[in-house]
Each structure stands twice: as structure tokens, then as C-alpha cells.
Amino acid sequence: MKFTKRNASRRQVLKGGAAVAGALATPHFFVKNAWAQGECATLGNFPVEGPEVVFGFSVPKTGAYADEGADELRAQELAVEHINNGGGILNTLQPLSLTGQGVLGKKVTYVSGDDQTNPDATRQVARRMIERDGVIMFNGGSSSATAVAAQSLAQELGVVFMNGLTHANETTGKDRRRYGFRQFFNTHMTGLALGPVLAENYGTDRAAFHLTADYNWGHSMSGSIKDATEGEGWSTINRVSTPLGATDYSQFLTAFLNSDADVLVLNHYGNDMVNSVTQAVQFGVRDMQKNGRQVELVVPLYSRLMAQGAGDNIEGVFGTTNWNWSLDNPGAKAFVDSFTDKYGFPPSQAAHTCYVQVILYADACERAGTFYAPEVIRALEGHEYEGDGYNSASLYRAEDHQSFHDVFLVRGKSASERASEFDLLQIVSEVPRSTVEYPVDTFEGELGDYCPTA
Amino acid sequence: MDPNALFLQLLTGLQLGAIYALIALGLTLIFGTLGFVNFAHGALYVIAIYAAVTVAANTNFLLAIILVPALLFAIGVAFERGLIRHFYTRPHTDQILITFGLAIVVEELMKWIFGANNIPFTLPEWGSGLMVFYSDWSAVPAVPVFQEAPSLWVPFIEGFVTYQFWRVVLIAVSLVTVAGLFALLQFTRFGLVVRAGMRDPEMLRFLGINIAQKFAIVVGLGAAIAGIAGVFGGPITQVTPGVGMALLVPSFLVVVIGGMGSLSGALIAAILIGMALSFSAEIANLQQIVVYLIAVVVLLVRPRGLFGKKGVFE
């Protein structure tokens, strides 16, 4: 009788099997949690299974910044190549744990998507990369609106986002996130670099008139320039918002002409900047005198791609840039040479920031000895490094994930000064890191937890 | 208000209206005569600016003024024969979908060929520089930049003001184009046939007139006007693939406000919108909705638009 009682039914067998399977699986979960100091219950795409690890590159392939996006993707492909096979700044970056044989013994592959410079599209692309393609990190973008959107999603899903080109203070200020890192400088740093130079060249009692692209970056830029120039004694007559993607600026330029201002500040980027600066020059703004002085133009954020689009109109105009391919240091040379070898022309600042970001992330994984995001994040926080294309060392500040490095004051070259079609910006001065460093409490913000917070 | 500031704002309003008028003109012409809604009109403008900047950079600007409208005329005829004519009897929604899709294809094609970055469109020597408007010539400083510039006497202003010469040229070109098109439709046999074809195409066919050929020419003309807009507007709007879409929406509103199919309505609505944009420039929140505000008010008061004819698009 006992014997028959022991006869297990089909249901019992299945139950038992499930229990055994669960028990076998349990140590695996426990190991993961125990090893991670029990920190996060669930975490992005960790652990990474198999011989490969996937990076996601979310860049604008269509829309106004498609050229920036194309250049970012070129740089990202190059970064993957260098991580897997060595070369580029792997020869100059210090300290460095990467060996040119992938990351933590895994070969890096990548997927890419079109963020359309649209926050909604950015979230969709990033979600697809994370959930379908299983990326461990994503990088790219050419707008602060998409950067802020991507960072929030990164925090939610527990996948690190290495920002591409984003210049608004919010990215590492009000909207800073534990899972977001920015190598690119910001509008506050532009103000700190540009203010004294403007005062020195144009005087301390100028009256400025701002035209500002109507989104988070434009307002951030305009505010920073206002603070910086007013600190030098300037006044700000008016700050007029212009719609993003405007084709004609004549009504705004007329408002400037009708005002008492003698400096026109164009807080525009990409095609907006190309249009506004071209039209301002066509309007004769640069030949004009107001209040008995020469009227001046200022374009706070410059890029080589924009300078190409604006042609001769940028001659002599001041601005700042995060990096330029003409810099003469081993890191810059290593990157520029390998980029030029592969693609036939020098990289833009958008390309540089993405390239460095991808390699810095990979190196942080190697240094942390894991892809586990909280450890990688800790490896990046407070990390000081050199050989990434600047003449001196850079620092990833732990408290807001902003990278501090030298920034560059540039001036548009005239046609006769150019050595090639890419040689458009003259570096007037190298503004040292110490000048653009600012207290972390300048902007309020919370990084959030090391574990994803939905 | 300072009379000089007011004069500059009026001039800016006219100039902003001029470019909308040129684009809206082609739209309303095609709609008014064929009853066809052409959302690809902005794409024709994009083709025109790229053609213009290419021709102007490699040869000279005057050649672009002749070649580009001619090229666009040919493209317009091909467009009508190859695509539009199959959609005359289809609902407006189908027409909008097919032309909108075409516009996206053209935009991406241009991006593929020329890149998304702007191509600098330099003004020709004769069109660059400033124009001087003066009430008192002795107030104009004795420097070459003013003394050698084109000038015009204007009453009511104090001393003198300057404005970009090319934008004054654009205003003139726009007015001449409107007048020319109006004359063509009102005073020529071709215009008579086209207007009759609009009313009753069947009867016209009975009379032995090749109506299809006339319609192709109408679309060609609409495209040629986009060509003119591209040559003269390109140096201002600059040359990027997205410009067409950016101009299409306000231009379409100009057509709606002016009354679908009305040439004079389009002109007046364009100037109205230009003025509204010019005078609201410093009030950002108003500036970005003013065009739509005008559209709402006009359509509430006059559902057919300012000069809309009875029976059109109803």
C-alpha cells in the first residue's frame, strides 16, 4: 500500500521538476545579487551572455542634424574598431585598461538607430535597442532635448547613456541622471570662456540683443551669455525667441536694427545658425555702426559643420567649441589620423565627443571588471584621464557627471586664411579647464539611484 | 512709433509675404484650375533651390534665372502627365497623401545627393549689398557703401534707412509674377480656355479643345513659379532639404486664408501674414501662433477665405 502511495502522479512529477529547476536557477540569481551587494533587483541587460557585447548608437540620420549624426556614427564605428583591434586613442589615453581586444574578453558589436532629433523618436529607438537588441550602453544624439529624454529612459531601464552632442546646462544640471554622462561642455562653460574675451575685444559697455532658438538649449545658451556678459558690464536689451527651423529671420533682424543694441548674439545651432548668421550678414549688420561703434556678431556655439554651411559669413565671428580637429596633441592626432585614414576627411566635434564617450565607457567596464552598471558608473565618477584629444587632463565630476576639460575660443577664418575646405575655425585661445570649472551647486539637480528607478 | 522703425517693419512684412506669395501662387493656381491639392509644391521649391545654387555656383546667376524656371516647368509637366492626372477624380485625401509622400521622397533624395548640411548660396555681385531709402539725401553718410547703393526717395521717414537690396528685389519679383500670371489667365486665349476648362471640362472636350495639354501646362506654370521662388528665395531661405516643408504649411494657410483658387486672395493673404509676422517679432508666444490665429479668425468670419469663390472646395 505504501508502495502505491509513493507512485507519483504526472502532476507531482511536473511540480517536482519545476521545484528542481527553480532550485538550480536560484543560485544563479543569488550569485548575481550577492555579487552586486544586493543592490539592484533587476538591471538593464546585465549579465552579458555569449562572446559578444552590443553597444547602441542612437544618432539623427534624418532631420536638421543628419550631417552631425552621420559623423557621429562614423566615429562610433571607429571607436568599436579600436576597442576590438586597438589603435586611435587607445595609444594615448591614460590611464587605460583596454587592451584592444574587446571589453572583458568580449568582442564589441553595435546596432544603430535614427533619433530624428525628436525626443519621442529617441525614446522609441533607445527602447528598441535595449529591449530587442540587448544593448549594454547607448550613445549619440545632437540635441539637448533628445539628450534629456534619453537620460531619463536610461535611468528607468538601467542602461548607461553616454551623451553625444548636448550643450544645455540641464543635461548635467536640473536633468542630470545617474545613468547619463556628458563629455561635451555646456552653455555655462561657454559663457565663462567667452565673456572675458568679448569684453576685451568689444569693450565693457556694450548693449546686446539675443536671438534664441526656442527650446531648452537656446534658452540655456542665452541665459549663460546674458550672465557672463552682464558680469563684464554689458547690458542686455532684449532676448527674442525664434521658432526652431525658421527659414527667414528678417522680422527678428529688423527688431534688432530698430533697437539700441550694438551686439547681436545668435543663440542658434545647425541650420538655424547658418540661416540667421547668413541673413544677418546679408542685412549689413556687420557693416553697421550703432551708438557710434561697430556692430558685432557673436555665435556662442560653433561647429565646423555649421561653419561649412555658413561659408564666408562667419569671418571674424567669435564663438566656442568643445574640440577641433586642428588641435596639436597626441590624442587629437591619433583620433584625427585614424578617422581621416578611414573616411578621407577630418572629424567634427560631434564625432569626437561620441568617439571618446564610447571608449571611456568601454574602459570603465574594463577597470570595473564588470558590465554591471552601478560598478561601471562608479568607475566613471571622479575619473581623471588624459590623451583623449586635449592638451591637458580631463575629469568626469562625480556629483553631476559633467566632464571638465579645456574648451576653445574660436573665430571664423576668412576665405584667404583657409588651408582646406575643412579649415574654417581659427583657435584664438585655449581656455584652461580651471577657468570653466564651476561649483557643482551652480545648478540644482539630483542624479538619482545607482539602481534603475522607473 | 518711430517712423523709420515702422517703415522697416512694413518692408519686412512685405518681403516675408513675397516669398509666401510666390509659393502659394503655384499652389492656388493648380488648385483653382484643376481642383488638385498639391502638397508636393514645397518639394518643387526644394528642387528649384538646389538647381539654382548648382547652376549659379558653376556658371552665373543670370543663367539660373532663365534655366531653373524652365527646368521646373518641364518637371511640372512630367509630374502632371506621370502622376497627377491619375488622381483628378480621386478624393482630395488621396491627392494629399500621394503628393505628401512624394515631398518626403524628394526631401530625402536631396539629402542623399547633397547632404543635410546647408549649401551656402552666395548672392550675385549685382544683388548684394544694401539699398538706401531716404527722405533727405544729405543725411546719408558719404561712404561708398551707402553712396553707391541703389536708393529710393520715401516720404515720412527721418533721414534715411537701409535694407538688404536682395529682399527688395524679391518683393518686386513677387509682384511682377503675380501680375504676369493674372494677365495670362484673364487676358489671353489660353487663360480663357483654362478658366472654361475649370468650369466644365466635358463641354470643352466636345468643342474639340485638348484639355489635357492645357492642364499639363497649368501644372508646369505652377512649378515654374516655384522655380522663380527658388532662384530668388534660395539665397534668403538657404539651401537645405527641409526648407520645402517649412514653407509649405504657411503657404498652404495663405491659400486657405486668401480663398482656395484665388490669385488676388493669395497675394493679399500672403502680405497679411507677412505683416503679422513682422509686427509680432518681439512677442515670441504670439509670433508662433499668429498665422494660425489669422486663419481661424478669417475662416470663422468668411468660411470660403477672403476671396474664395462659391462652389470651390465646398
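Analysis parameters
Residues numbered from 1 in each chain as written. Chains lettered and ligands numbered in written order. Predicted model: local features only at pLDDT ≥ 70, side-chain atom pairs only at ≥ 80, totals over all residues. Heavy atoms only, no water. Pairing = 2+ DSSP bridges. Helix = DSSP H or I, 4+ residues; strand = E, 2+ residues; numbered from the N terminus. Domains from an automatic or database assignment. Contact = heavy atoms within 4.5 Å. Buried area = accessible area lost by both parts, 1.4 Å probe. Salt bridge = Lys/Arg side-chain N within 4 Å of Asp/Glu carboxyl O. Polar contact = N/O pair within 3.5 Å; in protein donor to acceptor, adjacent residues only side chain to side chain. Nonpolar A, V, L, I, M, F, W, Y, C, P; charged D, E, K, R; others polar. Core = buried A, V, L, I, M, F, W, Y, C linked by side-chain atoms within 4.5 Å. Buried < 20%, exposed > 50% of the residue type's maximum accessible area, 1.4 Å probe, protein only.

Residues and elements named next belong to chain A. Pairing in this open sheet of three strands is antiparallel, and the strands run S13-S14-S15 from one edge to the other. The two strands at the open ends of the sheet, each matched to only one other strand, are strand S13 (384-385) and strand S15 (403-404). Alignment of S13 against strand S14 (residues 394-396), held across two bridges, turns out to be antiparallel. Note on S14: the bridge partner recorded for Tyr 385 is Ser 394.

Right, let's get into the domain arrangement of chain A. Residues and elements named next belong to chain A. Parsing chain A into structural domains produces domain 1 (52-185 + 325-405) and domain 2 (188-321). A C-alpha centroid distance of 30 Å is found between domain 1 and domain 2. Listed per partner, the contact involves 24 residues of domain 1 and 19 residues of domain 2. Carbon and sulfur atoms make up 57% of the surface buried where domain 1 meets domain 2, a total of about 1,700 Å² over both sides. When the area that domain 1 buries against domain 2 is broken down by residue, the three leading residues are His 167, Phe 185 and Gln 349, summing to 32%. Viewed at the interface, domain 2 and domain 1 are joined by zero salt bridges. Inspection of the region where domain 1 meets domain 2 yields nine residue pairs in polar contact (both at pLDDT 80 or more). The set of elements that each furnish at least two residues to the side of domain 1 that touches domain 2 consists of helix H3 (66-85), helix H5 (144-157) and S15.

With that settled, consider the interface of chain B and chain A. Contacts between the two partners involve 34 residues from chain B, matched on the other side by 34 residues from chain A. Taken together, both faces of the contact between chain B and chain A bury some 2,700 Å²; the carbon and sulfur share is 52%. Taken as a group, Asn 117, Glu 282 and Gln 288 of chain B account for 19% of the area that chain B buries against chain A, more than any other trio of residues on that side. Linking chain B to chain A there are one salt bridge. In this structure, Arg 167 of chain B engages Asp 248 of chain A in a salt bridge whose closest nitrogen and oxygen atoms are separated by 2.8 Å. The interface formed by chain B and chain A contains 15 residue pairs in polar contact (both at pLDDT 80 or more). Put simply, the parts of the chain that give the side of chain B that touches chain A at least two residues each are helix H1 (3-34), helix H4 (92-114), strand S3 (160-164), helix H9 (211-237), helix H10 (243-258), helix H11 (263-279) and helix H12 (284-287) of chain B. Looking at which element gives the most residues to the side of chain B that touches chain A, the answer is H1 of chain B, with six residues. The class makeup of the residues in the side of chain B that touches chain A is 16 nonpolar, 14 polar and four charged.

In terms of nonpolar packing, the biggest core is built from 164 residues, with Leu 264 and Val 285 of chain A together with Phe 133 of chain B touching the most fellow members. Considering every element that reaches this core, the biggest residue donor is H1 of chain B, with 17 residues. Both domains that meet at this core, namely domain 1 (52-185 + 325-405) and domain 2 (188-321) of chain A, each give it at least three residues. Beyond its immediate chain neighbours, meaning those up to four positions away, Val 285 of chain A contacts Phe 256, Leu 257, Leu 264, Ala 280, Val 295 and Leu 297 of chain A. With 68 residues, the next largest nonpolar core counts Val 48, Val 336, Ile 359 and Tyr 361 of chain A among its residues.

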